[in-house]
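Observations on the model geometry
What follows is the residue order along each chain.
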Amino acid sequence: MHSYFSLQGRTALVTGGTRGIGRMIAQGLLEAGARVFICARDAEACHETASELSAFGECHALVADLSSEDGAKALAAALEQRIEQLDILVNNAGTTWGAPLESYPVKGWEKVMQLNVTSVFSCIQQLLPLLRKAGNDASPARVINIGSVAGITSHGEDAYAYGPSKAALHQLSRMLARELVAEHINVNVIAPGRFPSKMTRFIANDPDAMARDTALIPMKRWGRGEEMAALAISLASTAGAYMTGNIIPIDGGFHL
Ligand SMILES: NC(=O)c1ccc[n+]([C@@H]2O[C@H](COP(=O)([O-])OP(=O)(O)OC[C@H]3O[C@@H](n4cnc5c(N)ncnc54)[C@H](OP(=O)(O)O)[C@@H]3O)[C@@H](O)[C@H]2O)c1
């Protein structure tokens, strides 16, 4: 790997790193040389995934429930016990909720907003001391928030809270990018289109739904793990050192 993309000596945290997009990114960061912590609620999945990903580099599991501010505080406290500085924070854990407009529950709306927006704010807030220790002029610390093209386009299907939550995350990222640039912390957003995961398997498992879905994508296919990993490596490495406040769609042209 070219040194421009090397993450040797860097430490990363990927929230929701046990499956789907988080796992793709965790593997990529490990392959580029970073030490990676992954977290999720399911302790068994955390330890199993960390052990599988250890084939690519030094990977550790931390169990965390980010559905409350206390969860973000506990995660930061656990990390502070283990590391001196955090070079790369990938806020990936996220959720969705689909229901007809007339019966869309406030409970679902609040769950999506809490995990997709509030918990990202809490994680950044709680992990700021470790990020501040990592960032310097030559190599800023990196916050990479996983947004969505659903926060850019008007295609919402029946997931009424999801697009607004991601649009809010995009805006929060721009605000924080502007504020934290002075402290050598870059904040960017990866805005995926479709990638295979538990969240999207209801489409992947239904050939008709899959055909309808890919017909809407200019490249006529879903994204691949290595494509997501390579973008995350770019943002985390020298390739992304002079980039902050960007919302980057990776979606086969769907946002067009
Ligand atoms: N897949 C796509 O096509 C797509 C497109 C655009 C954007 N995205 C975004 O990409 C991110 C990852 O999505 P995905 O599709 O990979 O989803 P996924 O397969 O459902 O994975 C979600 C991850 O987050 C963890 N998680 C969920 N709730 C949590 C909580 N309260 N606290 C801590 N961890 C939690 C899950 O583990 P536990 O359940 O064990 O906690 C899991 O590791 C999300 O932000 C999503 O909105 C996905």
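Criteria and cut-off values
- Position numbers for residues count from 1 along each chain, tracking the sequence in the order it is written.
- Restriction of local features to residues with pLDDT of at least 70 applies here, the model being predicted, together with a cutoff of 80 or more for giving and counting side-chain atom pairs; totals for whole chains, interfaces and linings are based on all residues.
- The basis for every side-chain value is the complete set of non-hydrogen atoms in the structure, without hydrogens or water.
- Secondary structure elements are defined from DSSP: runs of H or I of at least 4 residues count as helices, runs of E of at least 2 residues count as strands, and each element is numbered from the N terminus.
- Our radius of gyration is a C-alpha quantity, and the globule rule it is checked against amounts to 2.2 Å times the number of residues to the power 0.38.
- Working definition: with a 1.4 Å probe on protein chains only, accessible area under 20% of the residue-type maximum means buried, over 50% means exposed, and in between means partly exposed.
- Any two residues whose heavy atoms approach within 4.5 Å are treated as being in contact.
- Under the convention used here, a 1.4 Å probe and the Shrake-Rupley method define accessible areas, while residue burial counts only the protein chains that appear.
- For the charge count, each Lys or Arg is scored as positive and each Asp or Glu as negative, with His and the chain ends excluded.
- To locate a charge, take atom NZ for lysine, CZ for arginine, CG for aspartate or CD for glutamate.
- As used in this record, nonpolar core signifies buried Ala, Val, Leu, Ile, Met, Phe, Trp, Tyr and Cys residues forming a set joined through side-chain atoms within 4.5 Å.
- Any Lys or Arg side-chain nitrogen located within 4 Å of an Asp or Glu carboxyl oxygen qualifies as a salt bridge.
- Any residue with a non-hydrogen atom lying within 4 Å of a molecule or strand is treated as near it.
- Under the rule applied, a polar contact is a pair of N or O atoms within 3.5 Å (in protein, one hydrogen donor and one hydrogen acceptor; residues adjacent in sequence only if both atoms are side-chain atoms).
- Classification used: nonpolar for Ala, Val, Leu, Ile, Met, Phe, Trp, Tyr, Cys and Pro, charged for Asp, Glu, Lys and Arg, polar for all others including Gly.
- Note on pairing: two strands pair once DSSP finds at least 2 bridges between them.

1. Notes on the overall build of the protein chain
- Counting secondary structure elements, the protein chain contains eight helices and seven strands.
- For 256 residues, the compact-globule estimate of 2.2 N^0.38 gives 18 Å, and the protein chain sits close to it at 17 Å.
- The 256 residues of the protein chain split such that 50% are buried.
- Long-range pairs, those at least 24 residues apart, make up 72% of the contacts in the protein chain between residues at least 6 apart in sequence.
- About 12,100 Å² of surface is accessible on the protein chain, with carbon and sulfur atoms providing 53% of the total.
- Where the 22 positive side-chain charges of the protein chain centre and where its 25 negative ones centre are 2 Å apart.

2. Here we look at the nonpolar core
- By size, the foremost hydrophobic cluster in this structure holds 33 residues, and its most contacted members are Ile25, Leu29, Val36 and Ile190.
- Excluding residues that lie within four positions of it along the chain, isoleucine 25 makes contacts with Val14, Val90, Ile146, Met228 and Ala232.
- Membership of the second largest hydrophobic core comes to 32 residues, among which are Ala76, Cys123, Ile124 and Leu172.

3. Some thoughts on the pattern of salt bridges
- This structure, assessed with the given rule, holds six salt bridges.
- Notably, a salt bridge pairs arginine 132 with glutamate 183, separated by 2.4 Å at the nearest N-O pair. One end of the pair, arginine 132, is in helix α4 (residues 106-134); the other, glutamate 183, is in the loop between α5 (162-180) and β6 (185-192), with 51 residues separating them in the sequence.
- Counted as one network, the salt bridges with shared partners bring together Glu157, Arg194 and Asp213.

4. Let's talk about the site of the ligand
- As a matter of local geometry, the ligand sits amid 29 residues, with Thr18, Arg41, Asn92, Tyr162 and Ser197 nearest to it.
- Here an oxygen atom of the ligand and a backbone polar atom of phenylalanine 195 are 2.8 Å apart.
- The contact in question runs from an oxygen atom of the ligand to an N or O atom on the side chain of serine 197, over 2.5 Å.
- Elements that contribute at least two residues to the shell around the ligand include exactly α1 (20-31) and α5.
- Per-class residue counts for the shell around the ligand are eleven nonpolar, eleven polar and seven charged.

5. A closer look at the pairing of β6
- Burial of β6 is extensive: eight of the eight residues sit out of reach of the surface.
- Alternating positions in β6 separate into two faces, Ile185, Val187, Val189 and Ala191 on one and Asn186, Asn188, Ile190 and Pro192 on the other, with burial throughout.
- With six bridges connecting them, strand β5 (residues 141-146) and β6 associate as parallel partners. Along β6, the bridge assignment pairs isoleucine 144 with asparagine 188.

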